[in-house]
Amino acid sequence: MTVAEIRQAVIDILSDIAPDQDLSALNDEMSFREQLEMDSMDFLDIVMELRKRYRIQIPEEDYPQLASMASTVAYLEPIMKDMPKK
Amino acid sequence: MDYDTIIIGAGMSGLAAGIRLALAGQSVCIVEQHSVIGGLNSYYKRHGRRCDVGLHALTNCASPSDRRAPLNRLLRQLRIGRNEWALRPQRSSRIAFPGVELRFNNDFLLLCEQVRQHFGEEAAHLQRLAQSLPAYDQYADPSLQTSARQFVAGFIRDPLLAEMLLCPLLFYGGPTEHDMTVGQFAVLFRSIFLEGLARPAEGVRVILQSLSHQFRRLGGELRIRARVAELLTRHGAIQRVRFADGREAAARRVISSAGFYETMRLCGPSYGTVGADAKRMSFVEAVVRLSRPTEQFGRNDSIVFFNRSEQFAYQRPKGLIDSRSGMACFPDHFEFDSPADERVVRLSCLADYGHWARLNRDEYTHAKKTTFEQLAAAAAEVVGDVRPLAEDVDLFTPLTIERFTGHDGGSIYGGTSKRYDGTTPISNLFVCGNDQGLVGVVGALMSGITVANRHVLSESGARTITV
Ligand SMILES: Cc1cc2nc3c(=O)[nH]c(=O)nc-3n(C[C@H](O)[C@H](O)[C@H](O)COP(=O)(O)OP(=O)(O)OC[C@H]3O[C@@H](n4cnc5c(N)ncnc54)[C@H](O)[C@@H]3O)c2cc1C
């Protein structure tokens, strides 16, 4: 998957977790917590969906890497780059 | 059949836990003893009409835009759209004590204004109390297991006002006599006074249908008329689950909403003795159907919490019931889009399980009649007399609650001590629902979610996290 495809995969997950949020204007550098008012329960769902959809296990110590879109994509890129697009 | 998780009970907490696990891709089976789902909030047919039990009103009715509010958080966790439940706010509710009444609605300012009118400067103290409340997720904090009454006394000087504020909170969530913990008080104060009450026009069925539909859509299995009779353990872990009809199933873990002691008894005598818990709070409720619309009983009363004695007593009655205080709920008196016409009034008050359990069949039938008379007479002083218009009365007692939900002592807010972390002496058994510490519909839903997240999803590498 390309970086753009990975970003889209995260967007797809976010739109399932927070269907009422407008994601089209998402600022990639800003934290999800601030921008989308996400809490710890919502973050758990990102981890859960990544595991369910792409079989990616994210160890707990890596959770802080999922703070914003930019950091999430940077974290996922080496793991997902060899995966076929879904 | 083997499952990742078996959940005991298809009440609010069991259904919520089930949805979370199904969302994570687990194989989950919810098993329910009764023929209808819902547990303490359910429905039944009587003379061809559907009657709701439980749910007077949903608490925690914060604005949909407040994303951090518990109701909105839990709907996100369950992936259910809030408009599916079509919640409509209360008109207003009333706390009626001898000689003084306070009205409140979903705007806290009304309560403050009412307090200012009747108690003057205490209004400022009430505001200070509201600003000093611990946050929702601190309810289990060891430092907040102290007396709510003392906490309130730190702000409110007038003992009458303190009683009046505690009254709806105790009725809507007090698991113990007289008092509750500061943690529980904060949750209930926020959910009732700061966020407020609402109802779906179609009653509790709407919520139950949306939960069970979501669970099944995600691949969950729901079995009714499946009573768990035994949890077979070995080396401190559950191996198999045995049902009343003799069938068995295996699961890697079990989450139970049947209550802590109730569940431990299923694990056999060596676990079943862990402390009986006799001091539980139970109620009677009369569901009264009228021949005319209920508007004449005060169209602005959604719920009325009343007390007619000098001192408000939240304690187990010394007889069958204590009708000195109680509640009247008018399910039609919410801001529905088109006027509701269920013509139902629900009257409730505290009841003592022990007194009801000692009656024989005839005495029981008779006691139901006299109890309704007493309760209706008491409520008449506050909301008007429903008896002349009553077409049909159904009264349920602590025994009814016990029979249909399996909760010891007919308790509706669980045991007197809570298992906040949801663990039990058995390594793969967890409790959710009232006995985990969160009560009410929203509390039970949140409890199911929290227990599933913390104990089950964490195993597969996803712990609740703070980024
Ligand atoms: C009259 C009344 C009015 C109420 N009003 C309100 C209100 O207005 N607002 C509000 O928020 N809350 C209200 N509540 C409280 C609220 O209903 C409860 O706090 C909440 O529903 C508890 O949900 P739960 O999932 O913990 O338990 P339950 O709903 O009791 O679920 C437990 C389930 O487990 C099943 N079960 C037990 N043992 C077994 C077994 N061995 N095998 C299989 N299944 C088993 C039971 O049948 C039951 O379905 C009211 C309750 C009552 C009774």
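Predicted, not measured: the structure shown is a model, and the values here were computed from it.

### Points about the packing of helix H2 (residues 70–78) of chain B against helix H14 (residues 440–457) of chain B
All names here are of chain B.
Point 1. Running from N to C, H2 and H14 cross one another at 45°; their axes reach a closest spacing of 10 Å. One way to sum up the angle between H2 and H14 is to call them oblique. In the crossing of H2 with H14, the sense of the turn from one axis to the other is left-handed. For the pair H2 and H14, the contacting residues are Pro70, Leu71, Leu74 and Gln77 in the first and Val442, Leu445, Met446 and Ile449 in the second.

### Focus on the pairing of strand E4 (residues 49–53) of chain B
A regular strand carries its side chains on alternate faces of the sheet.
Point 1. One ladder, built from five bridges, connects strand E3 (residues 42–46) of chain B with E4 of chain B; its direction is antiparallel. Considered in E4 of chain B, the bridge of tyrosine 43 of chain B is made with aspartate 52 of chain B.

### Examining the site of the ligand
All names here are of chain B.
Point 1. Not every one of the 39 residues close to the ligand is listed here, only the nearest: Gly9, Gly11, Gly39, Gly433 and Gly440.
Point 2. Elements supplying a minimum of two residues to the shell around the ligand: helix H1 (12–23), strand E13 (282–290), helix H13 (398–405) and H14.
Point 3. The element that contributes the greatest number of residues to the shell around the ligand is H14, accounting for four residues.
Point 4. Here the residues of the shell around the ligand are counted per class, giving 18 nonpolar, 18 polar and three charged.
Point 5. Inspection of the shell around the ligand shows a minimum of three residues originating in each of domain 1 (2–55 + 204–276 + 415–460) and domain 3 (278–405).

### Points about the nonpolar core
Point 1. With 163 residues, the main nonpolar core has Ala328 and Leu375 of chain B as its most contacted residues.
Point 2. Once you skip the residues sitting within four places of it in the chain, alanine 328 of chain B turns out to touch Val304, Val345, Leu347, Ala379, Val382 and Val383 of chain B.

### Re the domain arrangement of chain B
Residue and element names in this part refer to chain B.
Point 1. Considered domain by domain, chain B is made up of domain 1 (2–55 + 204–276 + 415–460), domain 2 (106–195) and domain 3 (278–405).
Point 2. Computed over C-alpha atoms, the centres of domain 2 and domain 3 are 25 Å apart.
Point 3. With nine residues of domain 2 at the contact, the number on the domain 3 side is nine residues.
Point 4. The residue makeup of the side of domain 2 that touches domain 3, split by class, is five nonpolar, two polar and two charged.

### Things to note about the interface of chain B and chain A
Point 1. Tallying the contact residues gives 19 residues for chain B and 23 residues for chain A.
Point 2. Among the secondary structure elements, those contributing two or more residues to the side of chain B that touches chain A are H2 and H14 of chain B.
Point 3. Looking at the side of chain B that touches chain A element by element, the count peaks at three residues for H2 of chain B.
Point 4. For the side of chain B that touches chain A, a count of residues per class yields six nonpolar, seven polar and six charged.

Calculation notes
Residues numbered from 1 in each chain as written. Chains lettered and ligands numbered in written order. Predicted model: local features only at pLDDT ≥ 70, side-chain atom pairs only at ≥ 80, totals over all residues. Axes fitted to C-alpha atoms, helices over the stretch in contact; angles between N-to-C directions. Helix = DSSP H or I, 4+ residues; strand = E, 2+ residues; numbered from the N terminus. Parallel < 35°, antiparallel > 145°, perpendicular 65-115°, else oblique. Left-handed = near helix turned anticlockwise from the far one by under 90°. Contact = placed C-beta atoms within 7 Å. Pairing = 2+ DSSP bridges. Near = placed C-beta within 6 Å. Nonpolar A, V, L, I, M, F, W, Y, C, P; charged D, E, K, R; others polar. Domains from an automatic or database assignment. Core = buried A, V, L, I, M, F, W, Y, C linked by C-beta atoms within 7 Å. Buried ≥ 20, exposed ≤ 12 C-beta atoms within 10 Å, placed from the backbone.

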